[in-house]
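Analysis of the macromolecular model
Next come the chains, spelled out residue by residue.
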Amino acid sequence: MFAGDGHSREDVLRYVRIMMYKGKSKGMRQHTHQNSEDDEMSEKLKVGILGGTGMVGQRFISLLENHPWFEVTTIAASPRSAGKRYEDAIGSRWKMTTPMPDAVKDIIVMNVNEVEKVSAGVDFLFSAVDMSKDEIKAIEEAYAKTETPVVSNNSAHRWTPDVPMVVPEINPQHMDVIQYQKKRLGTTRGFIAVKPNCSIQSYAPALTAWKEFEPYEVVATTYQAISGAGKTFQDWPEMLGNVIPYIGGEEEKSEKEPLRLWGEIDAKQGVIVPASSPIITCQCIRVPVLNGHTAAVFVKFRKKVTKEQLIGKLVSFSGIPQELNLPSAPKQFIRYMEEDNRPQVQLDVDYENGMGVSIGRLREDTVYDWKFVGLSHNTIRGAAGGAVLCAELLTAQKYITKK
């Protein structure tokens, strides 16, 4: 269920233990160097970031600073940024709260459309390009066909049947579909993998933890931060004190993408077949919050279940990232908060360095069986951080290796 290209689960665990023995798996949370810098750098995988000047691209760069496995060596963006030092291309548009890493300031930005040139110097790529869906599909496939794996934050390939869309704690086995994708693309090494939409991260993990109780009907309303639109309050002052009850495309994604996470691989067809249950209906609302998507969720279960059972499943839920101690994996993926007024964005959005999910206010409902509130960091777990964790899983599975 877990390893790719003929590698067993034991092979993958052995591989990661070797990396841990070398002192390279302490995690980007600590940002420490276990060996000499030159020695560690020589062993790291070379990473390129497509769309590196946008907000998600900047988040990738911030998260990858001092990463124990990956080193950013290439940044590509639109032709208007190409040829400039990264620091000059960004100018006053650096949107992270932490400073721009010194290691990327002098990198000369490349033209994202020069596929062969960009891919030549990297082992794999993260994609956060700002293009139309058709353009993204085409350019990500073009990069994959250069035998360069692409781990994408974009939505363009989330419904391509042989492209895995993965939350590593939920459906790591979907990476097995890559073997069929490679046959279609005619590649031996290149492929595309994606992470799901940021809006589902605050409730899909809880529903996954409760799978054995058979949730069959879900109503979710998400209250989504402005960084999900690539904005800050400086960019979008009209959001101050405002609520907008519409986010284009979000409700369909929020209703359908969890079903793909819970789907199965059809080995005969070489595709992922989405699950048919539970039925999910959503409303997605933009709120005046910088980071953090909150969800208010109502659930009907086919099986009777107690509050204690539900909480127990949440706090004990973990997956392959925790078992392998992947560098950016949260130690505890989901926590339950007993306080009536939690989780809160200001207090809880950075739980587990933004890679964990906080659940609270679990209580019985008069119409549905149970209701709860969830919170996740939309640009870390929901975007760049989720993609980094996918890349770590793919590295452990040996889908991503040095060229």
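For clarity, every value in this text was computed on a predicted model and none was experimentally measured.

**Some thoughts on the sheet that holds strand β10 (residues 279–286)**
- Overall, mixed pairing links the six strands, which are arranged β10-β7-β11-β14-β13-β12 in an open sheet. Pairing within the sheet leaves two strands with one partner each, and these edge strands are β10 and β12 (334–337). On average, each strand axis in the sheet is tilted by 20° relative to the strand beside it, whichever way the strands run.
- Bridge count between strand β7 (residues 215–224) and β10: eight bridges; the pairing is parallel. Across the sheet, the residue bridging to Y223 is I285, located in β10.
- Where helix α10 (residues 250–261) meets the sheet, it contacts β7 and β10, and its direction lies at approximately 145° from that of β10.

**Let's talk about the packing of aromatic side chains**
- A full pass over the atoms with the stated rule returns nine aromatic pairs.
- Pairing F317 with F333 gives two aromatic rings, centres 6.1 Å apart and planes at 35°, and the pair type is tilted. One end of the pair, F317, is in the loop between α11 (307–316) and α12 (320–324); the other, F333, is in the loop between α12 and β12, with 16 residues separating them in the sequence. In this structure, F317 and F333 share a single accessibility class: buried.
- Of note, R260 hangs over the ring of W159, and the distance from its end group to the ring centre comes to 5.9 Å.
- It is R302 that lies over the ring of Y216; its NZ or CZ is 4.3 Å from the centre.

**Focus: the side chain of R260**
- As for its placement among the helices and strands, R260 is situated in helix α10.
- A distance of 3.4 Å separates a polar atom in the side chain of R260 from the backbone oxygen of P161.
- Contact partners of R260, with chain neighbours within four places excluded, come to R158, W159, T160, P161, D162, V163, P164, M165, H174, I272 and P274.

**Some points on unusual backbone geometry**
- Across the junction of S277 and P278, the peptide omega takes the value 5°, indicating a cis bond.
- Considering the arrangement of structural elements, one finds P278 in the loop between β9 (271–273) and β10.
- Each neighbour pair has its own omega, and for R342 with P343 the value is 5°, a cis peptide bond.
- You can see P343 is positioned in the loop between β12 and α13 (345–348).
- Backbone geometry places E147, a non-glycine residue, at a positive phi of 70°.
- Positive phi, normally seen in glycine, also occurs at R361, with a value near 55°.
- Looking at the secondary structure, you find R361 in strand β13 (residues 357–364).

**Things to note about the pairing of strand β1 (residues 45–50)**
- Among the six residues in β1, five count as buried, and that is most of the element.
- Here β1 pairs with strand β2 (residues 70–77) via six bridges, running parallel. Within β2, the position partnered with L45 by the bridge is F70.
- As paired elements, β1 and strand β4 (residues 124–127) share four bridges and run parallel to each other. Directly across from V47, in β4, lies its bridge partner F124.

**A word on the sheet that holds strand β5 (residues 150–152)**
- Pairing within the open sheet is parallel, and its six strands lie in the order β3-β2-β1-β4-β5-β6. The outermost strands of the open sheet, each flanked by one partner alone, are β3 (110–111) and β6 (192–194).
- With three bridges connecting them, β5 and β6 associate as parallel partners. Pairing of V151 across the sheet is with A193, part of β6.

**So, helix α3 (residues 55–64)**
- Of all ten residues in α3, ten are buried; the element is thus mostly enclosed.
- Within α3 the residues assigned to the buried category are M55, V56, G57, Q58, R59, F60, I61, S62, L63 and L64.
- Buried positions along α3 lie against β1, β2, α4 (86–90), α5 (102–105), β4 and α14 (380–396).
- Phi turns positive one or two residues past the end of α3, at N66, with a value near 65°.

The rules we used
Residues numbered from 1 in each chain as written. Predicted model: local features only at pLDDT ≥ 70, side-chain atom pairs only at ≥ 80, totals over all residues. Heavy atoms only, no water. Pairing = 2+ DSSP bridges. Helix = DSSP H or I, 4+ residues; strand = E, 2+ residues; numbered from the N terminus. Axes fitted to C-alpha atoms, helices over the stretch in contact; angles between N-to-C directions. Contact = heavy atoms within 4.5 Å. Phe/Tyr/Trp six-rings, centres within 6.5 Å; stacked < 30°, edge-to-face > 60°. Buried < 20%, exposed > 50% of the residue type's maximum accessible area, 1.4 Å probe, protein only. Lys NZ or Arg CZ within 6 Å of the ring centre and 35° of its normal. Polar contact = N/O pair within 3.5 Å; in protein donor to acceptor, adjacent residues only side chain to side chain.

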